[in-house]
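Topology and contacts: notes
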Amino acid sequence: MGKRKKSSRKPAGPRKKDPLETNFTCLFCHHDKSVSVRIDRKEGVAQLFCKICDQRYQSKANHLTEPIDIYSEWIDAADAAEKEATTVRRPIASSSRPARAPSVGSDDD
């Protein structure tokens, strides 16, 4: 017994890739599509800037870097800066006078 013949199908063409976004929402002014990313692959630099509030960010880029990568780095950097700014540091107590040691056995009461 032989195998059945497969129906002849035309080979499927390559899928169309949707281009990735290059305009994003600003973290500071919350305007949609106001943040643009430009990548200069020859210089190895990526720049991100908001058209509304003029917020800027610059990062290193390589041949694999995409605009969404720079936007994600910007979000991480903004979160790290906010976390660092909100970290409450305990001020050092300073006094020009030395601390008074409690005296033991004195009857000044």
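Here is a short report on the structure shown in this document. Counting from 1, residues in each chain are numbered in the order their sequence is written. Local features are withheld for residues below a pLDDT of 70 in this predicted model, meaning they are given only at 70 or higher, and side-chain atom pairs are given and counted only at 80 or more; totals for whole chains, interfaces and linings count all residues. Based on all heavy atoms of the structure, the side-chain values leave hydrogens and waters out of the count.

**With respect to the overall build of the chain**
Regarding its fold elements, the chain presents one helix and four strands. Secondary structure elements are taken from DSSP: a helix is a run of H or I of four residues or more, a strand is a run of E of two residues or more, and numbering for both begins at the N terminus. Going residue by residue from the N terminus, the α and β elements of the chain occur as β-β-β-β-α. Across the 109 residues that make up the chain, the buried fraction comes to 17%. We call two residues in contact when some of their heavy atoms are within 4.5 Å. The contacts in the chain between residues at least 6 apart in sequence include a share of 30% that link residues at least 24 apart. Entry remark: accessible area of the chain is about 10,600 Å², with carbon and sulfur atoms responsible for 50%. Residue burial is assigned from relative accessible area. The probe radius is 1.4 Å, only protein chains are included, and a residue is buried under 20% of its type maximum, exposed over 50%, and partly exposed in between. Calculation of accessible area relied on Shrake-Rupley with a 1.4 Å probe; when residues are assessed, cover is drawn exclusively from the protein chains displayed.

**Here's the deal with helix α1 (residues 67-86)**
Here the expected span of a helix is defined as 1.5 Å times the quantity of residues minus one. For α1, with 20 residues, the first-to-last C-alpha span of 29 Å sits near the 28 Å given by 1.5 Å per residue. Among the residues of α1, P67, I70, Y71 and W74 are the ones counted as buried. Taken end-on, α1 shows its buried residues confined to a sector of 100°, consistent with a single buried face. Set apart from the buried face of α1 by more than 90 degrees, the exposed residues are D76, K83 and E84. If you follow the buried residues of α1, they end up packed against β1 (23-24), β2 (35-40), β3 (45-50) and β4 (56-60). The arc in question is the one traced by the directions running from the helix axis out to the C-beta atoms.

**Overview of the sheet that holds β4**
In spatial order, the strands read β1-β2-β3-β4; together these four strands make up an open sheet with antiparallel pairing. Every other strand in the sheet has two partners, leaving β1 and β4 as the edge strands with one partner each. Across six bridges, β2 lies against β3 in antiparallel orientation. Bridge pairing in β3 places V37 opposite L48. Axis angles are defined between N-to-C directions and span 0 to 180 degrees, where every axis is a line fitted to C-alpha atoms and, for a helix, only to the segment in contact. Lying over the sheet, α1 contacts β1, β2, β3 and β4, oriented at roughly 115° with respect to β4. Strands are treated as partners if at least two bridges between them are detected by DSSP.

**Looking at the side chain of T65**
With respect to the helices and strands, T65 occurs in the loop between β4 and α1. Engagement of the side chain of T65 in a polar contact is seen with the side chain of N62, the distance being 2.9 Å. Setting aside its immediate chain neighbours within four residues, T65 contacts I39, R41 and I70. The definition of a polar contact used here is a pair of N or O atoms within 3.5 Å, where within protein one atom must be able to donate a hydrogen and the other to accept one, and adjacent residues in sequence count solely through side-chain atom pairs.

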